[in-house]
Amino acid sequence: MRLSRYFLPVLKENPAEAQIVSHRYMLRAGMIKQQAAGIYSWLPLGFKVLRRIEQIVHEEQARAGHIPLLMPTLQPADLWRESGRYDDYGQEMLRIKDRQEREMLYGPTNEEMITDIFRSHVGSYKDLPLTLYHIQWKFRDEMRPRFGVMRGREFLMKDGYNFDLTKEDALHAYNRHLVSYLRTYERMGLQAIPMRADSGPIGGDDTHEFLVLASTGESEVFYDSAVTDIRLGQREIDYDDKAQCQAVMEEFTSLYARTDETHDAALFDAIPEERRKSARGIEVGQIFYFGTKYSEPMGATVVTPDGSRVPVHMGSHGIGVSRLLGAIIEASHDDKGIIWPEGVTPFGVGIVNLKQGDSSTDLACEGLYRDLKAKGLDPLYDDRDERAGAKFATMDLIGLPWRITVGPRGIASGKVELTSRRTGVSEEMSAGDAIERLVQIYAGI
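Each chain carries its own residue numbering, running from 1 in the written order of its sequence. Local features in this predicted model are restricted to residues whose pLDDT is 70 or higher, and side-chain atom pairs enter the listing and the counts only when it is 80 or higher, whereas totals over whole chains, interfaces and linings include all residues. In computing side-chain properties, one takes all heavy atoms of the structure into account and sets aside hydrogens as well as water.

Trainee: Can you walk me through the nonpolar core in this structure?
Mentor: The nonpolar side chains of a soluble globular protein tend to be buried with one another. Ranked by internal contacts, the top residues of the largest apolar core, which has 76 residues, are M31, I53, Y185, F210 and V284. Per the convention used, a helix needs a DSSP run of H or I reaching at least four residues, while a strand needs a run of E reaching at least two, with both numbered from the N terminus. Counting residues per element, this core draws most heavily on helix α5 (residues 167-187), which supplies seven residues. The definition of a nonpolar core used throughout is a set of buried Ala, Val, Leu, Ile, Met, Phe, Trp, Tyr and Cys residues joined through side-chain atoms within 4.5 Å. Only protein chains enter the accessibility calculation, which uses a 1.4 Å probe; a residue whose area is less than 20% of its type maximum is buried, one above 50% is exposed, and one in between is partly exposed. Among the nonpolar cores identified, the runner-up in size contains 25 residues, and V122, L130, F288 and V302 belong to it.

Trainee: Explanation requested: the pairing of strand β13 (residues 276-291) in the structure shown.
Mentor: Each regular strand displays side chains that alternate between the two surfaces of the sheet. A pair of strands is considered paired only if DSSP assigns at least 2 bridges between the two. Pairing of strand β10 (residues 206-213) with β13, which is carried by eight bridges, proceeds in the antiparallel orientation. Residue L213 lies in a different strand from β13, and its bridge partner there is G281. Of the strand pairs in this sheet, strand β11 (residues 219-224) and β13 are connected by six bridges, and their pairing is antiparallel. Bridge pairing in β13 links D224 to R276. Two strands pair when backbone bridges link them, and β13 and strand β16 (residues 313-320) are joined in this way by six bridges, in the antiparallel orientation. Each residue of the ladder has a partner; that of G285, found in β16, is I319.

Trainee: What is the right way to read the pairing of β11 from this model?
Mentor: Burial runs high along β11: five of the six residues are buried. With three bridges connecting them, β11 and strand β12 (residues 257-259) associate as antiparallel partners. Bridge pairing in β12 links Y223 to A257.

Trainee: What is the right way to look at helix α6 (residues 242-253) in this model?
Mentor: What sets the pattern is the α-helix's 3.6 residues per turn: residues three or four places apart point alike. An ideal rise of 1.5 Å per residue puts 16 Å on 12 residues; α6 measures up with 16 Å between its terminal C-alpha atoms. All of the buried residues in α6 are C245, V248, M249 and F252. An end-on view of α6 places all buried positions within 100 degrees of arc, on one side of the element. Its buried side turned inward, α6 meets α5 and β9 (193-196). Expected span of a helix, by definition, is 1.5 Å for each gap between consecutive residues, and there is one gap fewer than residues. Relevant arc is that of directions from the helix axis to the C-beta atoms, nothing else. Contacts between residues were defined by any pair of non-hydrogen atoms, one from each residue, lying within 4.5 Å.

Trainee: Looking at this model, I keep getting lost on the packing of α5 against α6. Mind explaining?
Mentor: Helix-helix packing is characterised by the crossing angle of the two axes and by the distance between the axes. Packing of α5 against α6 brings their axes to within 9 Å, and their N-to-C directions diverge by 60 degrees. Classified by the angle their axes make, α5 and α6 are oblique. Judged by the twist between their axes, the crossing of α5 over α6 is left-handed. Taking contact as the criterion, the partners of E168, D169, H172, Y174, N175, R176, L178, V179 and L182 in α5 are, on α6, K242, C245, Q246, V248, M249, F252 and T253. Taken together, the residues that form the contact of α5 with α6 break down as eight nonpolar, four polar and four charged. Interaxial angles span 0 to 180 degrees and are taken between N-to-C directions of axes, which are lines fitted to C-alpha atoms, for helices over the stretch in contact. An angle below 35 degrees is read as roughly parallel, one above 145 as roughly antiparallel, one from 65 to 115 as roughly perpendicular, and any other as oblique. Crossing chirality is assigned from the near helix's rotation relative to the far helix, an anticlockwise turn below a right angle marking it left-handed and a clockwise turn marking it right-handed. Classification convention: Asp, Glu, Lys, Arg as charged; Ala, Val, Leu, Ile, Met, Phe, Trp, Tyr, Cys, Pro as nonpolar; all other residues, Gly among them, as polar.

Trainee: Could you clarify how one ought to interpret the side chain of D396 in this entry?
Mentor: Along the polypeptide, D396 turns up in helix α11 (residues 388-398). Each residue touching D396, except ones within four places of it in the same chain, is listed here: K336, G337, I338, R403 and R421.

Trainee: Even after reading the chapter, I still don't get the packing of helix α10 (residues 359-374) against helix α13 (residues 431-443), so can you show me in this structure?
Mentor: The interhelical angle for the contact between α10 and α13, taken along N-to-C directions, is 30 degrees, at an axis separation of 11 Å. On the basis of the axis angle, α10 is roughly parallel to α13. Once α10 is placed against α13, the crossing between them reads as right-handed. Contact residues: α10 offers L368, D371 and L372, while α13 offers A431, I435 and L438.

This is the structure:
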């Protein structure tokens, strides 16, 4: 993409309404525009990152054997009355009526609807286990929407639902989701710590939240600092292997890590003092096992091998896709702007032409742009007739992890400058070597 033809409405000043870094930089970098309290339009740069995050979520769900579908944003109220949640959910639920006076709601979550889909089409244990998921917009009418996409009213969420014959099978699905989420977050350059949490209105006895440590987090968390040293990394996981998934679960949850709702001071005090830590955390996902909470009242049953009919065991598993943009920025930025990890960056590399209109630099930049595109690296070429300082400031603000700078002096010696946004380190090399370096970097993403 050429920046002269792109829609990137950057702001020079910090917006007065933005209280935290991610909200401030998303507005300044032209990623979002507020349309109403807690409701945003996603402008091209923000939308591109949103789609990259969504793609990683899809890929890791597929790797775990989960099946995508798409449910509507509007749901009939009668489904929620079946489960008993319609009156209990509270004012966060947006309740509406259509022209026929039928009661509807804008879905804050989808346990009832997915249970209805399941009971309509599945009736035998032979069709289990089954995990279905979708990525869809949700709405919760927050009393005080704030912090941009971190606590908006409308948000994009991946929510998945498992259906199993027994509790043992459902807990394997729980473990499988934990493993897939760990891999998902690590691919985005995040360390999200699974912490024992409160189930809230979803219900259930077993639940973990995934939290990214950040000073702007809404949750107070308490943890053993040793938990921050654990990584899933590139290890191969067989998602059908119950023992292997259970081992990962135990590895990542045996050390103390809890939100303030479930904090146990006695257990915490048993940790060596130098490892006892408290901080703020940003919730980016949560997994639940809730057994037959929905299947029993809604009649989601299957015939067992002995011919009896039993309600299935269920769980739900969510990732805040749009919220993740804010979390990544909170965890990865400096005073110049965003620093995108390679896995989610909107463009793989930025090209800065230091002397737009000069035939030699224009030709070199065009060649770089063409060759980078041929390698699938998706460059953003700043071909505007702007001073160099303004171009560098834009690149720093929008946070592309790599920049190639092309100027007359470098062209004369056959060199370009490759700069890492994260470290600020620049190296001079040939254009071919710069392209090859980037190919190697992104090959491992």
